[in-house]
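# Commentary on secondary and tertiary structure
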Amino acid sequence: MSLPVRVRFAPSPTGYLHIGGARTALFNWLFARHHGGTFVLRIEDTDTARNSQAAIDVILQGMRWLGLDWDEGPATPDPDGPSRGDRGPYFQSRRGEWYRRRIAELRDRGLAYDRDGAVYFRMTREAVTIPDMIVGDVRRELTDREQADPDWVLVRSDGQPVFHLVNVVDDLEMGITHVIRGEDHLSNTAKHIALFRAFGVEPPRYAHIPLILNPDGSKMSKRDKGAVVTNYIEDGYAPEAVVNYLSLLGWSPADGKELLSVAELVGRFDLDRVNRSPARFDEKKLAALHFEHARAMEPGRFVEVGREYLARAGVLTGGHDPAYGAAALMTAREKGLLFRELAAFVGFYFKADEEMEVPAEVQAKALGALQRQHLGVLRSAYERLDASGFTAAALEAELKRVAGELGVKAGALTQPARAACTGSLVGPSLYHLMEVLGPGRVRSRMGRWAAGDGVDGGKPT
């Protein structure tokens, strides 16, 4: 490519970051990183009726969470500011002088004029061909109405510049070389090309990427499942899984590989592999990618993120030894759960023994009178294991030995043991979770259930 690549993501602060917008940001970011170029974030906030700091914060939160760092912007006084610590995004609302200067230029050349209090652009009277890197050449003919009057508004009667003007002026002033955006913007592009040429410059290269549809083929709105990036954060998806999934919505590598790290995406991504057909949202594929990425997370990061989501759910880990908390969370790492699901899966580690409750339906299945008797025998056997010998392998061997002595299958002991220790019949590997709980907690929890026949509110009496 002759010029250094400069691309941008230019969202409007509408109160949420749509998955389609996030995919557009990702494609721009990957293209810039692949070609060693520059990725610019600019907020198109000239619509003052919808503009708010809260809406802007939602966009920045989503960008940071996805890891889509931008390369330049005005300095921010906050040392912990957006993305790079000292750079914020560009804001259209702060560049009014750019737009006024460009309007004056068009007026001086007879390419803009006033009508009904607004400023109009004198549009070309000829068809415009849009050379697109994905769609191919698109010829935009004038409609019957436009043949009579093709001119359009640059500045409204209230003095506000329209999207077409500010979008083009920003791209021109920022030296944007490629405009990668959703296919729904293709209808605007003839106006943008005409405006670039009115300023005496060739437009950037355009690449309109396919839309994202619901599984049934309908257009995705913000009310549809999976449409808003904030929901992925709240549900606890691994951000690299969401990045991986978004990359596959309209793009595919030559070898067909789907499980890709961010580094692999940067190395493989280019526009020649972007499809023309709309992409359909597939929640099952996203879940499968999360499963793989969560399992592959570096242990320290998995624990850090896990603690954050436990705290969100009200499960406090601060009163426990950090090594204990880390070991507890690591018993869930291979399960590929959403981080939001961790509280239900590992919350039992962080409860006091006397606060452990077992739902009635679990008691009915696993803590009947005979099962509690067996649990008492197992607890006594575990009394013989000292702390250094309280390992998953030793615990498994001892349980199987006890089952043999009692003349029952191992499952007759594993279910009561799990129920007493965790309050559930599902969860981490039984022997590993008991190793993490340690001899004191295991014996205490088993002993409370082995001691009596009655129950009260999920606790043994």
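Keep in mind the model is a prediction, meaning the values are calculated, not measured. (Residues numbered from 1 in each chain as written. Predicted model: local features only at pLDDT ≥ 70, side-chain atom pairs only at ≥ 80, totals over all residues. Heavy atoms only, no water.)

### Things to note about the packing of helix H1 (residues 19-34) against helix H8 (residues 239-247)
Under the convention used in this document: Think of each axis as a best-fit line through the C-alpha atoms, taken over the contacting stretch in the case of a helix, with angles from 0 to 180 degrees between the N-to-C directions. Every helix listed is a DSSP run of H or I at least four residues long, and every strand listed is a run of E at least two residues long, numbered separately from the N terminus. Just so you know how the angles are binned, under 35 degrees is roughly parallel, over 145 roughly antiparallel, 65 to 115 roughly perpendicular, and the rest oblique. Every residue pair with non-hydrogen atoms within 4.5 Å of one another is taken to be in contact. Amino acid classes used here: Ala, Val, Leu, Ile, Met, Phe, Trp, Tyr, Cys and Pro are nonpolar; Asp, Glu, Lys and Arg are charged; the rest, including Gly, are polar.
At a minimum axis separation of 10 Å, H1 and H8 run at an interaxial angle of 85 degrees. On the basis of their axis angle, the class for H1 and H8 is roughly perpendicular. Contact residues: Ile 19, Ala 22, Arg 23, Leu 26, Phe 27 and Leu 30 in H1; Val 243, Leu 246 and Ser 247 in H8. Residues of the contact of H1 with H8, tallied by class, amount to 7 nonpolar, 1 polar and 1 charged.

### Some details on the side chain of Thr 189
Assignment of secondary structure puts Thr 189 in helix H6 (residues 189-198). When neighbours within four sequence positions are excluded, Thr 189 is seen to be in contact with Ile 130, Arg 181, Tyr 206 and His 208.

### Observations regarding unusual backbone geometry
Inclusion rule: Type-normalised accessible area, obtained with a 1.4 Å probe on protein chains alone, sets the label of each residue: buried when under 20%, exposed when over 50%, and partly exposed for intermediate values.
Of note in this structure, Asp 116 is not a glycine but carries a positive phi near 55 degrees. According to the relative accessible area criterion, Asp 116 is exposed, its value standing at 71%.

### Topic: the pairing of strand E4 (residues 112-115)
Along a regular strand, successive side chains alternate from one face of the sheet to the other. Short version of the rule: A pair of strands is treated as paired once DSSP finds two or more bridges between them.
Two strands pair when backbone bridges link them, and E4 and strand E5 (residues 118-121) are joined in this way by 4 bridges, in the antiparallel orientation. The residue bridging Arg 115 from the neighbouring strand is Ala 118, located in E5. Connecting E4 to the antiparallel partner E5 that follows it, the hairpin turn spans 2 residues, and Asp 116 within it adopts a positive phi of roughly 55 degrees.

### Brief notes about the packing of aromatic side chains
For any pair of aromatic rings, geometry is given as the distance between the ring centres together with the angle between the planes. Our working rule: Stacked, edge-to-face and tilted are the three classes for Phe, Tyr and Trp ring pairs, Trp counted by its six-membered ring, which pair at centre distances within 6.5 Å; planes under 30 degrees apart are stacked, over 60 edge-to-face, the rest tilted. Ring-over charges, as used throughout, are those where CZ of Arg or NZ of Lys falls within 6 Å of the ring centre and within 35 degrees of the ring normal.
Within this structure, the stated rule accounts for 13 aromatic pairs. Both rings, one in Phe 27 and one in Phe 269, keep their centres 5.0 Å apart while their planes meet at 55 degrees; by these two values the pair is tilted. Here Phe 27, found in helix H1, pairs with Phe 269, found in the loop between helix H9 (262-268) and strand E12 (279-280); they are 242 residues apart in sequence, far enough to count as distant. Here a set of aromatic residues connected by ring pairs shows up, and it is made of Tyr 324, Phe 348, Tyr 349 and Phe 350. One residue, Arg 102, lies across the ring of Phe 199, its end atom 5.1 Å from the ring centre.

### Observations regarding the nonpolar core
For soluble globular proteins, nonpolar side chains are generally found buried alongside one another. What counts, and what does not: Note on terminology: a nonpolar core comprises buried Ala, Val, Leu, Ile, Met, Phe, Trp, Tyr and Cys residues joined through side-chain atoms within 4.5 Å.
One finds Met 63, Val 346, Tyr 349, Tyr 382, Met 434 and Met 446 to be the most contacted residues of the largest nonpolar core, which totals 106 residues. With residues near it in sequence (within four places) discarded, Met 446 still touches Leu 375, Leu 378, Arg 379, Tyr 382, Ala 417, Ala 420, Cys 421 and Met 434. In this structure, Val 128, Val 155, Ala 190 and Phe 199 belong to the second largest nonpolar core, which totals 32 residues.

### Some words on the pattern of salt bridges
Stated formally: When a carboxyl oxygen of Asp or Glu is within 4 Å of a side-chain nitrogen of Lys or Arg, the pair counts as a salt bridge.
In this structure the tally under the stated criterion is 33 salt bridges. Of the charged contacts, one joins Glu 383 and Arg 379 as a salt bridge, the two residues approaching to 3.0 Å between their closest N and O atoms. Placement of both Glu 383 and Arg 379 in helix H15 (residues 369-383) is noted, with a separation of 4 residues, approximately one turn of the helix. Arg 379 gets classed as partly exposed once you look at its relative accessible area, which sits at 25%.

### Remarks on the environment of Val 436
Looking at where Val 436 falls in the secondary structure, it is placed in helix H18 (residues 430-450). A residue is classified by how much of its surface remains accessible, and Val 436, at 18% relative accessible area, is buried. Expressed as a C-alpha distance, the spacing of Val 436 and Gly 325, which sit 111 residues apart in the sequence, is 9.1 Å. Excluding residues within four positions of it along the chain, Val 436 makes contact with Tyr 324, Ala 327, Ala 328, Thr 331 and Tyr 349.

### Here's the deal with the confidence of the model for the protein
The condition that has to hold: Known as pLDDT, the predictor's per-residue confidence is scaled from 0 to 100.
The share of residues in the protein with pLDDT of 70 or more is 95%, and the mean pLDDT across the chain is 92. Low pLDDT, under 50, characterises residues 79-85; the stretch is placed with 19 contacts to residues that sit more than four places away or in other chains.

### Digging into the sheet that holds strand E8 (residues 152-155)
Taken in spatial order, the 3 strands of this open sheet run E4-E5-E8, and their pairing is antiparallel. At either end of the open sheet lies a strand with only one pairing partner, and these are E4 and E8. Strand after strand, the sheet turns through a mean of 50 degrees between neighbouring axes, direction not considered.

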